[in-house]
Amino acid sequence: MNVKNILKEIEKVDPVVYDRLDTRRNTMKQFAGLAGKLALVTVPFALGSMFKKAYAGENRVETVFDVLNFALTLEYLEAKFYQMGNAAAVGGTLAIPAGAAQAAIQTIGAHETAHVAFLKSAITSSGGTPVAEPVFDFTAGNGTGLGPFAGVFINYPLFLAVAQTFEDTGVRAYKGQATDSDLMMNNDVLQAALRIHSVEARHAAHIRQMRKTNGGLVPAGVNVKPWITLKQSGIDSAAVQASYDGEEITNQATIEIVNINSQVISATAASEAFDEPLTKAQVLAIVDPFIV
Amino acid sequence: MPEIKPGSGKLLTPAGNAAGISRRKFLGYTGAAAVVAIGISSCDKDDDNNNSSGIDLGSGDVGILNYAYALEQLEAAFYIKVLLTPYAGGSVTEMALLADIRDHEIAHREFFKNALGSGAIPGLTPDFSAINFSDRTSVLAAAKAFEDTGVSAYNGAGKLITTPAYLTLAGKIVSVEARHAAWIRDIISNGTFADSTAVDAQGLDLVATPAQVLVIANTYLATKISGNNLPTS
């Protein structure tokens, strides 16, 4: 199973990964803040120094690698997806329209590739071992190539639908890691994670507009917006729903947002105004079918 | 004094009251009945909010939440004005999505007001004199500035928050601001949603300190605000 493979890889660097499943977010936070202040080249070294200081003599250095490798796995997924999409477009088998659409997919793909490089160098320079890039099945077929997204690299609307799902899921995944207590204690790492998080949101907004323009796989009567309305995927496939469940809430920290303080705020707007996190377990369940 | 619906102060004070928007020009400026209906409660904060350098946002997590509240007030007031005096040349879809953004920003503003309760700064008076609301280019340029600034502000403020629940809330909001920013950028020039002016070579988004952001925010505020007591690390 895919999740088990991921965990086995993580376990190689973190023998107690199974005990730490709820601490990844801390690691993400550690990582996030660092990049804000440092030049690209120096970030990995600074990360390594930071981790060694923060976790000297403790097992917890492995927790950091656990988290970074989790993020790296998600970025591998996205980066490879866009690499293959761009290659298919160049090869003429995926009809991404020339011009703005191709340029946008290239831009997004370049960011995901940059995220992979950033995470890998951070892990390596910290004395850890980046997980190897998994083999992906972008049909979500667990290696059969026959999953619900079969044809993803020859069917442009399907390609965009999967891209949107990856981006919206990525936003939720990073958000879910933000409040780990260890991460919150490390300003630099937290800040870097937040900066990746909002880039994924920019991507999601643009892919959503591309889908609106294209119109394919958009259920009848659904208006795909740059933001997430209730728990609507805007995609005519039940296979993506887990990435949207929970987005419909309108109550934040016990404060009801609908018509708050006599403002005219619909449930639609209230749900759109706040994106919701996913737990690590939820994210792993979503990406599992994509990993062979 | 009139009080339509006091803030609940649920995050900070279990039984807080009388928070929020003051009766000042901020509301009157918009002329929107819906806005005026919110809350003309003015028992806001003590007088010590005011000093020579502007309204003090405060310290600690309350200060950071007030910082966010100030920015959301600014954004909400801007979009309310945009929709009240719409520029020519905007498509129906474009204006509908701008109305969505307005509602999101109002939701954010009111959320912070209630969350802060009696700790909230008063309503701020904006100064949008630099913006020509009848001109699409001027409005969208300002919108882009507000949204990018908002993203950079939340990205920079996250590390200053000490309470996990507040960080989660900031995270829930910042990605929506990033969606706004991406869309605004795209309707100005398609494909600029995450160009090199927003995302660096490492694939990282904008980030700014409160000090940097407040310089920008104060250019749009008649009521100046001060972050002198905000945490810096």
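Remember, predicted model here, so these are calculated numbers, not experimental data.

Definitions and cut-offs
- Residues numbered from 1 in each chain as written.
- Chains lettered and ligands numbered in written order.
- Predicted model: local features only at pLDDT ≥ 70, side-chain atom pairs only at ≥ 80, totals over all residues.
- Heavy atoms only, no water.
- Helix = DSSP H or I, 4+ residues; strand = E, 2+ residues; numbered from the N terminus.
- Buried < 20%, exposed > 50% of the residue type's maximum accessible area, 1.4 Å probe, protein only.
- Contact = heavy atoms within 4.5 Å.
- Areas by Shrake-Rupley, 256 points an atom, 1.4 Å probe, with all protein chains shown as cover.
- Axes fitted to C-alpha atoms, helices over the stretch in contact; angles between N-to-C directions.
- Parallel < 35°, antiparallel > 145°, perpendicular 65-115°, else oblique.
- Left-handed = near helix turned anticlockwise from the far one by under 90°.
- Nonpolar A, V, L, I, M, F, W, Y, C, P; charged D, E, K, R; others polar.
- pLDDT = per-residue confidence, 0-100.
- Expected span 1.5 Å × (residues − 1).
- Core = buried A, V, L, I, M, F, W, Y, C linked by side-chain atoms within 4.5 Å.
- Salt bridge = Lys/Arg side-chain N within 4 Å of Asp/Glu carboxyl O.
- Polar contact = N/O pair within 3.5 Å; in protein donor to acceptor, adjacent residues only side chain to side chain.
- Buried area = accessible area lost by both parts, 1.4 Å probe.

### Comments concerning the overall build of chain B
Phase 1: Per the secondary structure count, chain B includes seven helices and three strands.
Phase 2: For chain B, the N- to C-terminal ordering of α and β elements is α-α-β-β-α-α-α-α-α-β.
Phase 3: The burial tally for chain B puts 62% of its 233 residues in the buried class.
Phase 4: Summarising the internal contacts of chain B: among those between residues at least 6 apart in sequence, 77% fall at separations of at least 24.
Phase 5: Accessible surface, chain B as shown: approximately 7,900 Å² in total, 56% of it carbon and sulfur.

### What to know about the overall build of chain A
Phase 1: Tallying secondary structure elements over chain A gives 10 helices and two strands in all.
Phase 2: Going from N to C terminus, chain A has its helices and strands arranged as α-α-α-α-α-α-α-α-β-β-α-α.
Phase 3: Per-residue burial over chain A gives 59% buried out of 292 residues.
Phase 4: Sequence-distant contacts, at least 24 apart, represent 74% of the contacts inside chain A between residues at least 6 apart.
Phase 5: Of the accessible surface of chain A, which amounts to about 10,100 Å², a share of 59% is contributed by carbon and sulfur atoms.

### Regarding the environment of A:Asp236
Residues and elements named next belong to chain A.
Phase 1: Looking at the element boundaries, aspartate 236 is found in the loop between helix H8 (187-214) and strand E1 (251-252).
Phase 2: Separated by 16 residues in the primary sequence, aspartate 236 and alanine 220 place their C-alpha atoms 8.9 Å from one another.
Phase 3: Leaving out residues up to four positions away in the same chain, aspartate 236 has contacts with Leu217 and Pro219.

### Here's the deal with the side chain of A:Glu276
Phase 1: Mapping A:Glu276 onto the fold places it in the loop between helix H9 (267-272) and helix H10 (280-287).
Phase 2: Residue classification places A:Glu276 among the buried positions, given a relative accessible area of 4%.

### Let's talk about the packing of helix H3 (residues 60-84) of chain B against helix H6 (residues 164-188) of chain B
For any two helices packed against each other, one specifies the inter-axial angle together with the distance between the axes.
Residues and elements named next belong to chain B.
Phase 1: In the contact formed by H3 and H6, the axes pass within 12 Å of each other and the chain directions differ by 30°. Viewed along their axes, H3 and H6 adopt a mutual orientation that is roughly parallel. The crossing of H3 and H6 is left-handed. Every residue of H6 that contacts H3 at Asp61, Leu65, Glu72, Glu75 and Tyr79 is listed here: Tyr166, Ile173, Glu177 and Ile184.
Phase 2: Tallied by class, the residues present in the contact of H3 with H6 amount to five nonpolar, no polar and four charged.

### A few points about the confidence of the model for chain A
Low-confidence regions, as indicated by low pLDDT, have predicted coordinates that should not be scrutinised in detail.
Phase 1: Here chain A averages 83 in pLDDT, while 77% of its residues score no lower than 70.
Phase 2: A low-confidence stretch, residues 1-62 of chain A (pLDDT under 50), is modelled with 182 contacts involving residues beyond four sequence positions or located in other chains.

### So, helix H5 (residues 136-157) of chain B
Phase 1: Here H5(B) is 22 residues long and its end C-alpha atoms lie 31 Å apart, about the 32 Å a rise of 1.5 Å per residue gives.
Phase 2: Among the 22 residues of H5(B), 17 are classified as buried, and the element is accordingly described as predominantly covered.

### Thoughts on helix H4 (residues 92-116) of chain B
All names here are of chain B.
Phase 1: Compared with the 36 Å implied by 1.5 Å per residue over 25 residues, the 36 Å span of H4 between its first and last C-alpha is a close match.
Phase 2: For H4, the buried fraction is high: 21 of the 25 residues fall into the buried class.
Phase 3: Looking one or two residues past H4, glycine 117 carries a phi angle of roughly 55°, positive in sign.

### Here's the deal with the nonpolar core
Phase 1: Among the nonpolar cores identified, the biggest contains 80 residues, and A:Ile257, B:Tyr67, B:Phe78, B:Leu98, B:Phe112, B:Phe128 and B:Ile131 are the most heavily contacted of them.
Phase 2: At the level of elements, H8 and H9 of chain A together with H3, H4, H5, H6 and helix H7 (210-219) of chain B are the ones that each hand at least two residues to this core.
Phase 3: For this core, the element with the highest residue contribution is H3(B), accounting for 15 residues.
Phase 4: Counting 63 residues, the second largest nonpolar core, distinct from the first, contains A:Phe65, A:Ala71, A:Val240 and B:Phe193.

### Here's the deal with the pattern of salt bridges
Phase 1: Tallied over the entire structure, the rule returns 17 salt bridges over all chains.
Phase 2: For B:Glu110, the salt bridge goes to B:Lys113, with nearest N and O atoms at 3.3 Å. Note that B:Glu110 and B:Lys113 are positioned in helix H4 at a spacing of three residues, about one turn of the helix. The same class applies to B:Glu110 as to B:Lys113, namely buried.
Phase 3: One salt bridge in this structure joins B:Asp148 and B:Arg185, with 2.8 Å as the shortest N-O distance. Residue B:Asp148 is located in helix H5, and its partner B:Arg185 is located in helix H6; the two are separated by 37 residues in the primary sequence. Taken individually, B:Asp148 and B:Arg185 each receive the classification buried, so the pair is uniform in this respect.
Phase 4: What you see here is one network of salt bridges that share partners, running through A:Arg202, B:Asp148, B:Arg185, B:Asp195 and B:Asp205.

### Describing the side chain of B:Thr149
Residues and elements named next belong to chain B.
Phase 1: With respect to the helices, strands and loops of the structure, threonine 149 is situated in helix H5.
Phase 2: There is a polar contact of 2.6 Å between the side chain of threonine 149 and the backbone oxygen of alanine 145.
Phase 3: Dropping the residues within four chain positions of it, threonine 149 is found in contact with Val213 and Ile216.

### Observations regarding the interface of chain A and chain B
Quoted interface sizes are often the accessible area lost when the parts come together.
Phase 1: In this complex, chain A contributes 63 residues to the contact, which on the side of chain B involves 67 residues.
Phase 2: Between chain A and chain B lies a buried interface of about 5,100 Å² when both sides are counted; carbon and sulfur atoms form 62% of it.
Phase 3: Sorting the residues of chain A by area buried against chain B places A:Arg202, A:Trp227 and A:Asn261 first, and these three jointly supply 17% of that buried surface.
Phase 4: Linking chain A with chain B are seven salt bridges, by the criterion used here.
Phase 5: The partner of B:Asp148 in a salt bridge is A:Arg202, and the shortest N-O contact between them spans 2.9 Å.
Phase 6: Joining chain A to chain B, the criterion identifies 25 residue pairs in polar contact (both at pLDDT 80 or more).
Phase 7: Only helix H5 (100-125), helix H6 (156-177), H8 and H9 of chain A provide two or more residues apiece to the side of chain A that touches chain B.
Phase 8: Taken together, the residues of the side of chain A that touches chain B break down into 35 nonpolar, 16 polar and 12 charged.

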